[in-house]
Amino acid sequence: MPLPVALTCFATATPGIESLLSDELRALGIVPAAREPGGVEFAATRAQLAEALLWLRTANRVVVRIAAFHARSFGELERHAAKVAWGDVIAAGGAVHFRVTSKKSRLYHEDGIAERLERAVAGSVRGVKFVRAPSAAEEMEADVTRLSDVQRIIVRVMRDEVTLSADAAGALLHLRGYRQAVAKAPLRETLAAALLMASGWEPGLPLLDPMCGSGTIPIEAAMMSRRMAPGRTRRFAAEAWPGVDAEF
């Protein structure tokens, strides 16, 4: 079954800059929906998802909901998981990681939840490998291409409601792909872009950054001035989805 025409997406961001992220979505012709601390929900076509991944400067991730259901036991979880169209976002022979959080639910054992979901994937997609995702510290310095080769499935269990979302980005979106080395205490590119937007600076105006460090703010400003897509030199996990055609 191919991905639906209208995808339910959620872009995560540093808490406090959700309004800037909403403005970015509108500029791409995407209407933001529910906004909550840490991100913005929106509906998008596959082409709009590609635009969001390529052009969003303040988002940390973009995820796509693939299933939602109620489960109070492992048996219920397994029955529902067997019906999920895993093949839409996981290629045969691919690598998958389940990131599970569970709160206020009968199913509280996160490793047990991941194991049942792994079984469901193994029964639906051939030759899949299951891996552990890198830690946050490793992810900041890891190779963008390698991280984009691992399909992360984000599992949220809240009050017995299970939501499954596929990470469309792969590596965090602040990893633009151009930086060859990371300075000490680096400013994330997404936050630098947010600072520029919040300051009122616009392309064409002079910019002075007397404490530029490794130059993240000036680099983001230069990219904005040249209308260069922040994701133009990197890959995204969604590029490998079987349900995505060449149009993506």
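For the structure, see preceding data.
Calculation rules
Residues numbered from 1 in each chain as written. Predicted model: local features only at pLDDT ≥ 70, side-chain atom pairs only at ≥ 80, totals over all residues. Heavy atoms only, no water. Pairing = 2+ DSSP bridges. Helix = DSSP H or I, 4+ residues; strand = E, 2+ residues; numbered from the N terminus. Contact = heavy atoms within 4.5 Å. Axes fitted to C-alpha atoms, helices over the stretch in contact; angles between N-to-C directions. Core = buried A, V, L, I, M, F, W, Y, C linked by side-chain atoms within 4.5 Å. Buried < 20%, exposed > 50% of the residue type's maximum accessible area, 1.4 Å probe, protein only. Salt bridge = Lys/Arg side-chain N within 4 Å of Asp/Glu carboxyl O. Expected span 1.5 Å × (residues − 1). 1 Å grid on protein atoms, 1.4 Å probe; cavity = no way out; pocket = protein on both sides within 12 Å on 5 of 7 lines; lining within 4 Å. Points joined across faces, edges and corners; volume = space filled by probe spheres on them. Nonpolar A, V, L, I, M, F, W, Y, C, P; charged D, E, K, R; others polar. Phe/Tyr/Trp six-rings, centres within 6.5 Å; stacked < 30°, edge-to-face > 60°. Lys NZ or Arg CZ within 6 Å of the ring centre and 35° of its normal.

K.L.:
Now, about the sheet that holds strand β3 (residues 39–44): what can you tell me, with residues and values included?
P.N.:
Overall, mixed pairing links the 8 strands, which are arranged β2-β3-β1-β4-β8-β7-β5-β6 in an open sheet. The open sheet has two edge strands with one neighbour each: β2 (32–36) and β6 (129–130). Across the sheet, helix α1 (residues 18–27) touches β1 (7–12), β2 and β3, and the angle it forms with β2 is around 170 degrees.

K.L.:
Please set out the nonpolar core residue by residue, giving values where relevant.
P.N.:
Among the nonpolar cores identified, the biggest contains 53 residues, and W86, F98 and V155 are the most heavily contacted of them. If sequence neighbours within four positions are ignored, F98 has contacts with W86, A114, L117, E118, V121, F130, I153 and V155.

K.L.:
How would you sum up the environment of V155? Please name residues and give values.
P.N.:
Of note, V155 is situated in strand β7 (residues 150–158). The exposure class assigned to V155 is buried, which follows from its relative accessible area of 0%. Residues V155 and R99, 56 residues apart in the sequence, show an inter-C-alpha distance of 5.9 Å.

K.L.:
Any chance you could break down the pairing of β2 for me, citing the residues and the numbers?
P.N.:
As paired strands, β2 and β3 are joined by 3 bridges and run antiparallel to one another. Within β3, the residue paired with R35 across the bridge is V40.

K.L.:
Run through the pattern of salt bridges, naming residues and quoting values.
P.N.:
According to the stated counting rule, one finds 8 salt bridges in the structure shown. Put simply, D23 and R26 hold a salt bridge, and the shortest N to O gap is 3.1 Å. Residue D23 and its partner R26 are both found in helix α1; the two are separated by 3 residues, about one turn of the helix. On the basis of relative accessible area, D23 is assigned to the partly exposed category, the value being 43%. Bridged by salt links that share partners, the residues R61, R152 and D167 form one connected network.

K.L.:
An account of helix α4 (residues 110–122) is needed here, citing residue identities and associated values.
P.N.:
Compared with an ideal rise of 1.5 Å per residue, which puts 13 residues at 18 Å, α4 spans 18 Å between its outermost C-alpha atoms and is within 8% of the ideal. Along α4, the residues classified as buried are G112, I113, A114, R116, L117, A120 and V121. Where α4 is buried, its residues touch α3 (74–81), β5 (95–103), β6, β7 and β8 (161–167).

K.L.:
For the layout of surface pockets, give the residues involved together with the corresponding values.
P.N.:
What the largest pocket holds in volume is close to 770 Å³. Around the largest pocket, the lining is made up of 24 residues, and of these F10, T12, E36, I154 and R156 lie nearest the centre. Among the residues making up the lining of the largest pocket, the classes are represented as 9 nonpolar, 8 polar and 7 charged.

K.L.:
Before we move on, could you go through the packing of aromatic side chains and cite the residues and values that matter?
P.N.:
Under the definition given, this model contains 1 aromatic pair. Seen in terms of ring centroids, W86 and F98 are 5.8 Å apart; in terms of plane orientation they differ by 85 degrees. Their pairing is edge-to-face. Residue W86 is found in the loop between α3 and β5, and its partner F98 is found in strand β5; the two are separated by 12 residues along the sequence. Taking NZ or CZ as reference, R116 lies 3.9 Å from the ring centre of F74, over its face.

K.L.:
If you had to explain unusual backbone geometry to someone new, which residues and values would you point to?
P.N.:
Residues other than glycine predominantly adopt negative phi, and peptide bonds predominantly adopt the trans conformation. The backbone of K104 shows a phi angle near 55 degrees, a positive value even though the residue is not glycine. Positionally, K104 belongs in the loop between β5 and α4. For K104, a relative accessible area of 63% corresponds to the exposed category.

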